Amino acid sequence: MKRPFWLLSILLAVSTFTGAADQRPNILFILVDDQSPFDLKTYDPASPLDTPNLDRLAAEGIVIDRAYHMGSFSGAVCTPSRHMIQSGRTLWHLPIGPLAKTHCPPNLEKKTLAAVFGRAGYDTMRTCKQGNSYEAANKEFAVRRDATKRGGDAESGSAWHAAQVLDYLETREETKDADPFFIYFGFSHPHDTRDGTPELLAKYGATNHADETSLPPARPAAPPLPLNWLPEHPFPHGHPGLRDEVAVSGVWKNRDPITIRNEVGREYACVENIDIQIGRVLAKLEATGELDNTYIFYTSDHGIAIGRHGLMGKQNLYEHTWRVPYLVKGPGIPPGSRAEGNIYLLDTLATVCDLAGIEAPATNEGISFKPVLTGRKKIIRETLYGVYNGGTKPGMRSVRRGDWKLIQYETLDGAVRETQLFHLAENPREYLTQHHDPAVADLTGVAPEPHQHDLAEDPAHAEKLVEMKALLLAEMRKHDDPWRFRDQPDDGLVPPQQAPKKAKAKAKAKTKAQ
């Protein structure tokens, strides 16, 4: 039986007057800076890193095994990644991308996380690092407390970010704010400079090494080398002089076991400190009775190498760097669940909107993975596509379907043209021929199985190589990738970096040839 309009108005007024709580779910979105999923025990049970609060999130929620960032057209990989998270747009459709004028709608910041949730009646708050982000979208948060904090104490490190969230939650409690919240809880670590706290550095046998002329001390407590460590990458990765490979304080160009073990120890010290800070916020939510009605997301803007495959940074498409950790806990999510997912970070916007009952903006290109979170689906897409072309063009591309993965390289004006093919079920660490060197195996303690290597040159997998290359081209076309490799049809493309005169000459020559 329909209630008359005047009665609904009275009920609404009474509800407002009495401060009746809005029962829509809260969102706590936790984003760290530069973290491989393989740091965490939930992805690598042998990891010595202690993260009891993240372990609790995994045990009480879901672990997504195949979560990826789509990639980057910039050496600062975090910048496009954070634009994708905020906007739900794919890589080549971002406002900072080379195709922005033709492939990105105007005023996109009004369709990003804080703007969308703010219009829906949510209180929005953000703390995160400054820079290498999406400034216009960041300004849409009602409360914003950003600062880059990578120091080794409470004021200069990760505890500062936690303090901002705790202060915000305390204010809500004091003012009896019953609105649902969206909190973007970002950290500046474990991005370098990885200055850990003294007690955690000691636990992981590490030191905040800052002398380029010497090696850090070798300490037994330092974590072991990554299992797929190499003293150098087998070919130039295509970005000469990249800061992440030559200028990171504490590492520089060194890839020796002492340096890498020390740097992994610093990474772990920073991550455990982040875990401690997350624990403080979770305890506060529990104390205020808001925890059970809060979806908690934990992820990173991208992975990181730190010695794996002889690399240090995030400008590559190996699994340790292309993949990200992704944990979610909240109402309706089966505890202790796990799924492949096949999600991108850019799917976050669609998903949090779906969970909150908010319509995603029309500009969104992501897919809600709520069905994965609730156990109704295992994956939301069949194929995953990855990019790095922040250095020499066209750079690197990757495609994954099922357990098969292809990485293709063309850099340094075509001087480097490489292709890698992996079957990840049999070779999850993406071991290369160089990992089979006895000298390398002696240092890592792992001798890969004979079949664990790059399969691109294996005649037995020639058909699969052709299939995966065709799949890569299809994904490049699907996502408006403006570059092509030399063994691909150019599709009449004019890459964004090409001068107009050259573009006209190319078009004229093509017409004449036809």
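Please read these numbers as outputs of a predicted model, since none were measured by experiment. (Residues numbered from 1 in each chain as written. Predicted model: local features only at pLDDT ≥ 70, side-chain atom pairs only at ≥ 80, totals over all residues. Heavy atoms only, no water.)

## Thoughts on the overall build of the protein
Part 1: Secondary structure assignment for the protein yields 16 helices and 15 strands.
Part 2: In terms of overall size, the protein behaves like a compact globule, its C-alpha atoms giving a radius of gyration of 24 Å where 514 residues would be expected to give roughly 24 Å.
Part 3: The principal-axis extent of the C-alpha atoms belonging to the protein is close to 75 × 65 × 40 Å.
Part 4: Taking all 514 residues of the protein together, the buried fraction comes to 57%.
Part 5: Within the protein, counting contacts between residues at least 6 apart in sequence, those at least 24 apart form 69% of the total.
Part 6: Of the roughly 20700 Å² of accessible surface on the protein, a fraction of 55% belongs to carbon and sulfur atoms.
Part 7: With 61 positive and 66 negative side-chain charges, the protein shows a spacing of 7 Å between the two charge centroids. (Helix = DSSP H or I, 4+ residues; strand = E, 2+ residues; numbered from the N terminus. Rg over C-alpha atoms; globule rule 2.2 N^0.38 Å. Buried < 20%, exposed > 50% of the residue type's maximum accessible area, 1.4 Å probe, protein only. Contact = heavy atoms within 4.5 Å. Areas by Shrake-Rupley, 256 points an atom, 1.4 Å probe, with all protein chains shown as cover. Lys, Arg positive; Asp, Glu negative; His and termini not counted. Charge placed at Lys NZ, Arg CZ, Asp CG, Glu CD.)

## Brief notes about helix 10 (residues 257-287)
Part 1: With 31 residues, helix 10 extends 45 Å between its outermost C-alpha atoms, agreeing within 8% with the 45 Å of an ideal straight helix rising 1.5 Å per residue.
Part 2: Helix 10 sits mainly inside the fold: 23 of its 31 residues count as buried.
Part 3: Its side-chain oxygen placed 3.2 Å from the backbone nitrogen of Ile258, Asp256 serves as the N-cap of helix 10. (Expected span 1.5 Å × (residues − 1). Polar contact = N/O pair within 3.5 Å; in protein donor to acceptor, adjacent residues only side chain to side chain.)

## Some words on helix 12 (residues 348-356)
An α-helical turn contains 3.6 residues, so a residue and the one three or four places further along point in the same direction.
Part 1: In terms of residue burial, helix 12 counts as a mostly covered element, since 8 of its 9 residues are buried.
Part 2: For helix 12, the set of buried residues is Thr348, Leu349, Ala350, Thr351, Val352, Cys353, Leu355 and Ala356.
Part 3: The positive-phi residue at the C-terminal boundary of helix 12 is Gly357, with phi of around 75°.

## So, the packing of aromatic side chains
Part 1: Applying the stated rule across the entire model yields 14 aromatic pairs.
Part 2: On the numbers, 6.5 Å between centres and 40° between planes, the contact of Phe141 with Phe182 is tilted. One end of the pair, Phe141, is in the loop between helix 6 (135-138) and strand 6 (143-144); the other, Phe182, is in strand 7 (residues 181-190), with 41 residues separating them in the sequence. For the pair formed by Phe141 and Phe182, the shared burial category is buried. (Phe/Tyr/Trp six-rings, centres within 6.5 Å; stacked < 30°, edge-to-face > 60°.)

## A few points about the pattern of salt bridges
Part 1: Tallied over the full model, the rule gives 48 salt bridges.
Part 2: The residue Lys203 makes a salt bridge to Glu272 at a minimum N-O spacing of 3.0 Å. Within this pair, whereas Lys203 is found in helix 8 (residues 198-203), its partner Glu272 is found in helix 10, the two being separated by 69 residues in sequence.
Part 3: The class of Lys203 is partly exposed, set by a relative accessible area of 37%. (Salt bridge = Lys/Arg side-chain N within 4 Å of Asp/Glu carboxyl O.)

## Details of the pairing of strand 9 (residues 326-329)
Part 1: Alternating positions in strand 9 separate into two faces, Tyr326 and Val328 on one and Leu327 and Lys329 on the other, with burial throughout.
Part 2: Bridging between strand 2 (residues 62-64) and strand 9 involves 2 bridges; their strand directions are antiparallel. When the bridges of strand 9 are listed, Val63 appears paired with Leu327.
Part 3: Alignment of strand 8 (residues 294-300) against strand 9, held across 4 bridges, turns out to be antiparallel. Residue pairing in the sheet places Thr299 in a bridge with Tyr326 of strand 9. (Pairing = 2+ DSSP bridges.)

## Details of the packing of helix 2 (residues 52-60) against helix 10
Part 1: Relative orientation of the contacting elements helix 2 and helix 10 amounts to 55°, with a least axis distance of 7 Å. Judged by the inter-axis angle, helix 2 sits oblique to helix 10. Of the residues in helix 10, those in contact with Pro52, Asn53, Leu54, Arg56 and Leu57 of helix 2 are Asp275, Ile276, Ile278, Gly279, Leu282 and Glu286.
Part 2: Of the residues that constitute the contact of helix 2 with helix 10, the class distribution is 6 nonpolar, 2 polar and 3 charged. (Axes fitted to C-alpha atoms, helices over the stretch in contact; angles between N-to-C directions. Parallel < 35°, antiparallel > 145°, perpendicular 65-115°, else oblique. Nonpolar A, V, L, I, M, F, W, Y, C, P; charged D, E, K, R; others polar.)

## Description of unusual backbone geometry
Residues apart from glycine generally show negative phi values, whereas peptide bonds are mostly found in trans.
Part 1: Put simply, Asp192 and Thr193 share a cis peptide bond, and its omega is 5°.
Part 2: Tracing the sequence through the fold places Thr193 in the loop between strand 7 and helix 8.
Part 3: That bond from Lys393 to Pro394 is cis: its omega, 0°, falls within 30 degrees of zero.
Part 4: A positive phi angle, close to 55°, is found at Asn107, a residue other than glycine.
Part 5: Looking at the element boundaries, Asn107 is found in the loop between helix 4 (100-103) and helix 5 (113-119).
Part 6: Phi at Asp480 takes a positive value of approximately 60°, unusual for a residue other than glycine.

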